[in-house]
Every structure is written in C-alpha cells, then in structure tokens.
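# Coordinate analysis (summary)
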Amino acid sequence: MNKWLKWVVTPLAALLLVTGIAGGTGFGGFFASLTGDAGLALAAGESTSGNGKTIIMGTSPDYPPYESVDAKNGGDIIGLDVEIAKVITERLGYKLEISGMDFSGLIAALQTQRVDFVMSAMSVTEERKQSIDFSDSYYAARNTIVALKDSGLTTEASLAGKRVGVQLGSTQEEAVMKMQGLGEIKKLDKLPNLIQEIKSGRLDAVIVEDAVAAGYTDANPDLIFTMLEPNPDDLGYAIAFPKGSELTPAFNAELQKMKESGELQTLVDKWFNTKSGVKSTKKGIDFSVLNGYVGYIFKGIFVTLLFTLVSALFGFIWGGILSLFKISSIAPLRWFATVYTSIFRGTPLLLQLLLIYYATPQLFNYDIPALLAAGLAFGLNSAAYLSETIRGGIMAVDKGQREAAIALGIPYKTMMISIIFPQAVKNILPALVNECVALVKESSLVSIIGVADLMRRANVVQANTFKAFEALLLVGAIYYVLVLTLTSLAGLLERRMRRSD
C-alpha cells in the first residue's frame, strides 16, 4: 500500500508544483509560452519611478491590429495597445507583464486585482465608469457593417429585420442595442466566430470597428465593410484601471507626452498599415493558411495532456477518499461526501472554473495560476463523479472477500487498499477511461481563462488568419488522435488486468 501511494501521490504533487510554478515566475518565458498567454514578461528598462516593479496588463489578444498573438514567432502578444503600454511602463520604470484572457473577463480581472490595468481596444462608457477608472483616450475608431458582397447591407436602415452579430461586452454591442428594427441579435465572445456565422449564412451582418473590419475583408474577398455614421458620444479607446488606482495620473501624463511628440500617431500609422491576415484565393477549406502556425498549435498538446493528467490523478485520489466517506460508519463523513457530490454535480463546470480562478485572489489574496486553477476545478468536479463510480466498484466486490479478510485478522485499512480496491478498480476501469476521455475533450473550457491549450491556440490562429475552419479541423484531428491513443492504452491495460480471470 505504501509503495502504491508513493507511485500515485508523488507524481501528482510534482505536477501540481510544476503547474503552480509555471503560473508564476519560476520558469519565465519558456513555460509561459507553453501554458498560457499570461506571463509574457517584457522588460521595461531602467527604473525611474516604478523601481523595477512588475505590473500586469490584461488584454484579449484576438483583436488585431490592437492585440494579437504572434504565433509564428514565439507566441508573444503584439499590437498597437502592447506597444503603447511598453513605452509608458518603460518610462515610468516598470516591468510589463501581459496576461491574455477573453474580453468579457477583463473587467472582472481588474476588480479582483488579477491585473493592474487593461488595454484591449476598450471604449469608455458611462456604465463602465461605474466600476473602473479610465485614462485619457488614445484612439477613436468608427463602427462598420461587415457583410457578404452584394448583400446590399450598407446602411443602418438596411439592417431592419436582419440577423446582426456583435462581440459580447464591446461598445459595438451597445450600439447594436440602440438600433431600431433589427431582427435577431447574436452576441459571441470572439470576432472570428461572428465572421464565420456570416459566411455560413446564420448571420446577415456583423458590427465591428473599422481597423478590424479591414483585416477581415482583406483576408476574405467575399466580405465587404461599410462605415457607419460616427457616434458623437463616443469617447474613444482608453486604458482601464481599478477604481482609485495610483497609476491613472502617471499613465495620463505619459499619454499626453506621446500625443504632443507625435509618437502616438506614429504607432497608430505603423499598426494600421499592417495586414496580419493570410489572404486566400481558394474557395472552401484551404490549409495553406496554417503555414507557420502548425508548430504553435502542436505546443498545446503538452498543455492539454499535462492538465488532463493532473486533473485525472487528483480526481481519482480525491474521488476514492470520498467513496470511502460514503461507505463509512461515521455519519459526518457520509454527510460531507453527499453534500460535496451534490454541489459539484449540480453546478456547471464552467462556473466552478471561473469561481476558483477569479474568487481565489479576492478571498485568499493568492494569485492562483490559470493552469493550477483549471486543474483544481476539473479535479474537484471529476472527483464528485468518480466517487460514485468507485463506490459502486467497491460495493460490487463479493462480500466474502471482506469476511475472509476479517476472519484472517487483516486490518481494515490493509484490506481496503490491498484486497478490495484493486478488484474495484479492475471492475470500473472502462468507466475510469471514459472519465479521462471526457477530461481530454472538456479541457477546451480552460481556454476561457487564458490557458494556451489546443483550443486557445486554435482561437489565436483564427484571429491572426481571419479564417475559422482550418485551425479548428486540425485541432479536432489532434483531439481525436489523443482520445484514440488513450483508449488503445486503456484497452491494453484492461487485457493485462484480465489475464488472471
């Protein structure tokens, strides 16, 4: 038993330690490039007033030319917003670290102090001002209508009764909600998905800002964009800070210097003249757009497997403990296991993931790394299901085995670990394999908190190439191979364990 425990617990502890270090500064840029967009540290130069302190910028790196992942050259986050932030933090004497996440989670990250400021083409609105502070504006964009050529959708009036899409949490969402006479309004987290909805015929048009619209229409010749009338109430894009942040006046001062010197306009001209998409002249699916991105996507296999292994080991160990609680003669242990299982099976896994990731810093003052938060969430959730599976396996072992062990004077602990548990595991092996397969596939959920797994990397490639299907099909094939390999290995293990039958 002691040897068995060592073989299980030691790898689990090591993996949890590695994931914890990976989210911090222990392995620096190497591990950051593998485990997530967060933690891409950019040295800011000589200290002037920040004394070399590291501050974290939150962004959603799927919005070129403002911010995107340079998947072909190391996976750093680049773009207009990043360059502006680098200039300001360098002059203030800070070291800049960039944390990538979904746009809809940026304000929550500010409020829970996961990041010090946000730059992600975020517009200033009165509603946002209620919960966060803004710097002075650094750029003002215009909204456009993106639609298929020959659709005739070139004015706001032409959208009457049409299906219109918009990015969730953006100011374009607010603009669309004010439009009169629209048909269905569809809100999605990512712009590449909205563009694909147009191409698949599920949307008639998408409202997006001018610079981004230019990139999508350049990469997709079947699309066209038309400028909408400027909004006189638009306050432009600005840097977001937590309420009362001491960084706000310092950033404003540097922004003003950049405007007066013309440096800000130079950066705008540089990035707005850059085409980040890969123009394809072929109809249908064209895998040539993935040239240079395949290696970046394949790095996600390590993250997905590491995450799955940690979650599976933790879920199995904790699920086994819970199963013993459920068959225990001690009532409080049975109640605890029952309530635990009820809570984790009765609430969505995504909700549990977000609670662990965002609530931990606020409640315990610990900035939990994204990969560690994901491992805990999936492990705790998996344990709730596995506890019932393991309990069923234990109860299925013939009672005569226990009676014989008791008659021989074998202690209960030794009996459970050396006699009952091995037989139970053999009986429930197919169910355990199913749970591991589910973990591999459900791991795609971790992309929402910025972990650069396979799905997150596919989203990055979509944003960079402005093409949806190719990256998703490649990632789908990788997931299938991983599941097929896992199933084959499990089959070999099961046949090995059945030799004694």
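What you see is a predicted model; the values in this text were computed from it and never measured. (Residues numbered from 1 in each chain as written. Predicted model: local features only at pLDDT ≥ 70, side-chain atom pairs only at ≥ 80, totals over all residues. Heavy atoms only, no water.)

## Re the overall build of the protein
For the record, the criterion: Per the convention used, a helix needs a DSSP run of H or I reaching at least four residues, while a strand needs a run of E reaching at least two, with both numbered from the N terminus. Three labels apply to residues, based on accessible area from a 1.4 Å probe with only protein chains included: buried if under 20% of the type maximum, exposed if over 50%, partly exposed otherwise in between. Contact criterion: two residues are considered in contact whenever any of their non-hydrogen atoms come within 4.5 Å of each other. In these tables, accessible area is a Shrake-Rupley quantity obtained with a 1.4 Å probe, and a residue counts as shielded only by the protein chains included in the view.
Along its length, the protein carries 18 helices and 14 strands. Of all 501 residues assigned to the protein, the portion counted as buried reaches 50%. A sequence separation of at least 24 residues applies to 76% of the contacts in the protein between residues at least 6 apart. Only carbon and sulfur atoms are counted for the fraction: they give 59% of the accessible area of the protein, which is about 22,900 Å².

## What about the pattern of salt bridges?
Pairing between side chains becomes possible if they bear opposite charge and their charged atoms approach one another. Operational definition: Between Lys or Arg on one side and Asp or Glu on the other, a salt bridge is scored when a side-chain nitrogen of the former is within 4 Å of a carboxyl oxygen of the latter.
Scanning the model with the defined rule gives 13 salt bridges in all. Two residues, Asp 102 and Arg 456, come together in a salt bridge whose shortest N-O distance is 3.2 Å. Placement of the pair is Asp 102 in the loop between strand E6 (95-100) and helix H4 (106-111) and Arg 456 in helix H17 (residues 454-465), with a sequence separation of 354 residues. For the residue pair Asp 102 and Arg 456, the accessibility class agrees, reading buried in each case. Salt-bridge contacts for Glu 254 lead to Lys 257; the nearest nitrogen and oxygen are separated by 3.5 Å. Taken as a pair, Glu 254 and Lys 257 lie in helix H9 (residues 247-261) at a separation of 3 residues, close to a single helical turn.

## Focus: the side chain of Glu 209
Applicable threshold: Charged residues are defined narrowly, with Lys and Arg counted positive, Asp and Glu counted negative, and His plus the chain ends left uncounted. Under the rule applied, a polar contact is a pair of N or O atoms within 3.5 Å (in protein, one hydrogen donor and one hydrogen acceptor; residues adjacent in sequence only if both atoms are side-chain atoms).
Structurally, the position occupied by Glu 209 is in strand E12 (residues 205-209). Buried and unpaired, Glu 209 has Arg 142 as its nearest opposite-charge partner, separated by 10 Å. At a separation of 2.7 Å, a polar atom in the side chain of Glu 209 contacts the side chain of Tyr 66. Apart from the residues lying within four places of it in its own chain, the contact partners of Glu 209 are Tyr 63, Tyr 66, Ala 141, Arg 142, Asn 143, Thr 144, Gln 172 and Tyr 237.

## A word on H17
Quick reminder of the rule: By definition here, a helix of n residues has an expected span of 1.5 Å times n minus one.
Relative to the 16 Å expected for 12 residues at 1.5 Å per residue, H17 spans 16 Å between its end C-alpha atoms, a close match to the ideal helical length. In terms of residue burial, H17 counts as a mostly covered element, since 11 of its 12 residues are buried. If you check which residues of H17 are buried, you get Leu 454, Arg 456, Arg 457, Ala 458, Asn 459, Val 460, Val 461, Gln 462, Ala 463, Asn 464 and Thr 465.

## Examining the pairing of E12
Note the cut-off: Between any two strands, pairing holds if DSSP finds at least two bridges.
Within E12, 5 of the 5 residues are buried, leaving the element largely enclosed by the surrounding structure. Neither face of E12 is exposed, since Ala 205, Ile 207 and Glu 209 on one face and Val 206 and Val 208 on the opposite face are all buried. In the sheet, strand E9 (residues 143-148) pairs with E12 via 5 bridges, with the strands oriented antiparallel. Each residue of the ladder has a partner; that of Val 146, found in E12, is Val 206. Alignment of strand E10 (residues 164-167) against E12, held across 2 bridges, turns out to be parallel.

## Quick look at the confidence of the model for the protein
Operational definition: Summary of the metric used: pLDDT quantifies the predictor's per-residue confidence within the range 0 to 100.
Summing up the model confidence of the protein, the mean pLDDT is 81 and the portion of residues at 70 or higher is 86%. No element of the protein has a lower mean pLDDT than strand E1 (residues 40-42), which averages 39, and none a higher one than strand E7 (residues 117-118), which averages 95. In this model, residues 1-48 is a region of pLDDT below 50 whose contacts with residues beyond four sequence positions or in other chains number 89 contacts.

## Here's the deal with the nonpolar core
Most often, soluble globular proteins keep nonpolar side chains buried together rather than apart. Stated precisely, the cut-off is as follows: Definition of nonpolar core: a set of buried residues of the types Ala, Val, Leu, Ile, Met, Phe, Trp, Tyr and Cys, connected through side-chain atoms within 4.5 Å.
Residues Tyr 66, Ile 84, Phe 117, Tyr 138, Ile 239 and Phe 251 are the most contacted members of the largest nonpolar core, which totals 71 residues. Looking at this core, the element that brings in the most residues is helix H18 (residues 469-497), giving 8 residues. Not counting chain neighbours up to four residues away, the residues in contact with Ile 84 comprise Met 119, Tyr 138, Leu 255, Met 258, Leu 264 and Leu 267. The next biggest cluster of nonpolar side chains, apart from the first, holds 46 residues, and it includes Ala 109, Ala 238, Val 303 and Ala 383.

## Focus on the sheet that holds E12
Our working definition: Here, axes are lines fitted to C-alpha atoms. For helices the fit covers the stretch in contact, and angles between N-to-C directions go from 0 to 180 degrees.
Overall, mixed pairing links the 5 strands, which are arranged E11-E10-E12-E9-E13 in an open sheet. Edge positions in the sheet fall to strand E11 (185-188) and strand E13 (223-227), since each of these pairs with one other strand and no more. Taking each pair of neighbouring strands and ignoring which way they run, the sheet shows an average axis angle of 30°. Pairing analysis gives 4 bridges linking E10 to E11, with the strands arranged parallel. Across the sheet, Gln 167 pairs through a bridge with Leu 188, a residue of E11. Helix-sheet contacts for helix H6 (residues 171-178) involve E9, E10, E11 and E12, and the interaxial angle to E10 is about 150°.

## Here's the deal with the UniProt feature "transmembrane region" (unreviewed entry) in the protein
Heads up, the rule is: UniProt positions are given in the numbering used here, feature names are shortened, and annotations may be inferred rather than shown by experiment.
Summarizing the sequence annotation, UniProt attributes the feature "transmembrane region" (unreviewed entry) to residues 301-325, 337-360, 366-386, 406-425 and 471-493 in the numbering used throughout. For residues 301-325, the end-to-end C-alpha separation is 36 Å, with 100% helix and 0% strand making up the annotated structure. A helix fraction of 92% and a strand fraction of 0% characterise residues 337-360, whose end C-alpha atoms lie 23 Å from each other.

## Describing the sheet that holds strand E5 (residues 76-78)
Pairing within the open sheet is antiparallel, and its 3 strands lie in the order E3-E4-E5. Every other strand in the sheet has two partners, leaving strand E3 (62-63) and E5 as the edge strands with one partner each. Bridge count for strand E4 (residues 67-70) against E5 is 3 bridges, and the pairing is antiparallel. The partner of Ser 68 across the bridge, within E5, is Ile 78.

## What about the packing of helix H14 (residues 370-396) against helix H16 (residues 412-442)?
Spelled out, the test is: Roughly parallel means an angle under 35 degrees; roughly antiparallel means over 145; roughly perpendicular covers 65 to 115; every other angle is labelled oblique. A clockwise turn of the near helix away from the far one marks a right-handed crossing, whereas an anticlockwise turn of less than a right angle marks a left-handed crossing. Ten residue types, Ala, Val, Leu, Ile, Met, Phe, Trp, Tyr, Cys and Pro, are classed as nonpolar, four, Asp, Glu, Lys and Arg, as charged, and the remainder, Gly among them, as polar.
At a closest axis distance of 9 Å, the pairing of H14 and H16 adopts a crossing angle of 140°. The pairing of H14 with H16 is recorded here as oblique in orientation. The two elements H14 and H16 meet at a crossing, and its hand is right-handed. Residue-level inspection shows Phe 378, Ser 382, Tyr 385, Leu 386, Thr 389, Ile 390, Gly 393 and Ile 394 of H14 in contact with H16, the latter providing Met 416, Ile 420, Phe 421, Ala 424, Asn 427, Ile 428, Ala 431, Leu 432, Glu 435, Leu 439 and Glu 442. Looking at the contact of H14 with H16, its residues break down into 13 nonpolar, 4 polar and 2 charged.

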